[in-house]
Amino acid sequence: MITREIQAKSILSESKIYDYVINPYVGCQHGCSYCYARFIKKFTGHREPWGQFVDVRINAADLLRAEIKKKKRGRVWISGLSDPYQPLEAKYELTRKCLEILADHDWPVTIQTRSSLVLRDIDIIKKAKYFEAGLSITTADDGVRKIFEPFAPSIRERLKAVDEMHRAGIRTYAMIAPMLPGAEALPESLKGRVDYVLVDRMNYHYADWIYRKFGLEEKLTDDFFTRTSDKIYNACQTAHIDCRVVF
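Residues numbered from 1 in each chain as written. Predicted model: local features only at pLDDT ≥ 70, side-chain atom pairs only at ≥ 80, totals over all residues. Heavy atoms only, no water.

Draft legend 1. Local environment of the layout of surface pockets. One number sums up the size of the largest pocket: a volume of about 860 Å³. What lines the largest pocket is a set of 37 residues, and nearest its centre among them are Tyr36, Trp77, Gly80, Gln112 and Met175. Of the residues belonging to the lining of the largest pocket, the class tally is 21 nonpolar, 10 polar and six charged. A volume near 210 Å³ is recorded for the second largest pocket. If you trace the second largest pocket, you find 18 residues lining it, with Asn23, Val26, Ile40, Arg57 and Leu81 closest to the centre. Breaking the lining of the second largest pocket down by element, the ones donating at least two residues are strand 1 (2–6), strand 4 (25–26) and strand 5 (53–57). A class-by-class count of the residues in the lining of the second largest pocket yields nine nonpolar, six polar and three charged. (1 Å grid on protein atoms, 1.4 Å probe; cavity = no way out; pocket = protein on both sides within 12 Å on 5 of 7 lines; lining within 4 Å. Points joined across faces, edges and corners; volume = space filled by probe spheres on them. Nonpolar A, V, L, I, M, F, W, Y, C, P; charged D, E, K, R; others polar. Helix = DSSP H or I, 4+ residues; strand = E, 2+ residues; numbered from the N terminus.)

In structure tokens, the structure reads:
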């Protein structure tokens, strides 16, 4: 793993998903096989394989303190191109520092992670007026998780984290994206643990070779997505979970 401390020029960027996005890190230790964020290598010049480098934007909090005073209030996504709670966050605490600033200014925030390290910051998240926190949970089968996300936390750990946040009164969600084999069993595990579920398909092809290697090509088809998303939606309705499916 190649880790570099860098000075970023800006941190609060406009986003097509929410109003803004903050990425305290460039690169991600989880290195998920399908991750779309590897496209960033085209712009950063990294030659290392995805998952083998992380640039730490050590001035992220200082930048945010200055930029938040100049920009119109809007919802902030943390984060879009790297997991804000990847292991290095335990050392650098950049995500925590940014959350403190956003909470102090009453900005709305959507946190998205695969890591239970988010629980470290539950004190900030539950006190903020407009924060929500979600776990990316792509399958209910940890064997499948190990194939596609071998360096990410277990499914059990993620479910436990979202449950603890929900019980603390935090608005929580699960992001089933990309939809991996075994995702149809998730609603039962998410019952009583989340306020809503987002479902999206595998719409990029970095991990196609894994599907071929394990004979899972059918799981990449439109038919699989339609059938499985219908199962998830119906199961969520039964469990009284708001479910939003993205086609």
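Draft legend 2. Summary view of the side chain of threonine 95. Within the secondary structure layout, threonine 95 lies in helix 4 (residues 94–104). Beyond its immediate chain neighbours, meaning those up to four positions away, threonine 95 contacts Pro24, Tyr25, Ile78, Pro84, Tyr85 and Glu89. (Contact = heavy atoms within 4.5 Å.)

Draft legend 3. Fine view of empty space enclosed by the protein. Within the structure shown, the criterion is met by one cavity of 30 Å³ or more. Within this model, the largest cavity holds a volume of roughly 60 Å³. Taken together, Met179, Arg201, Met202, Lys219, Leu220, Thr221, Phe224 and Phe225 form the lining of the largest cavity. Along the lines of polarity and charge, the residues of the lining of the largest cavity split into five nonpolar, one polar and two charged.

Draft legend 4. Spotlight on the pattern of salt bridges. In this structure the tally under the stated criterion is 18 salt bridges. The partner of glutamate 89 in a salt bridge is arginine 120, with the nearest N and O atoms 2.7 Å apart. With a gap of 31 residues between them, glutamate 89 in helix 3 (residues 89–92) and arginine 120 in the loop between strand 7 (109–113) and helix 5 (122–127) connect regions that are remote in the sequence. We note a salt bridge from lysine 219 to glutamate 218, for which the minimum N-O separation is 3.7 Å. (Salt bridge = Lys/Arg side-chain N within 4 Å of Asp/Glu carboxyl O.)

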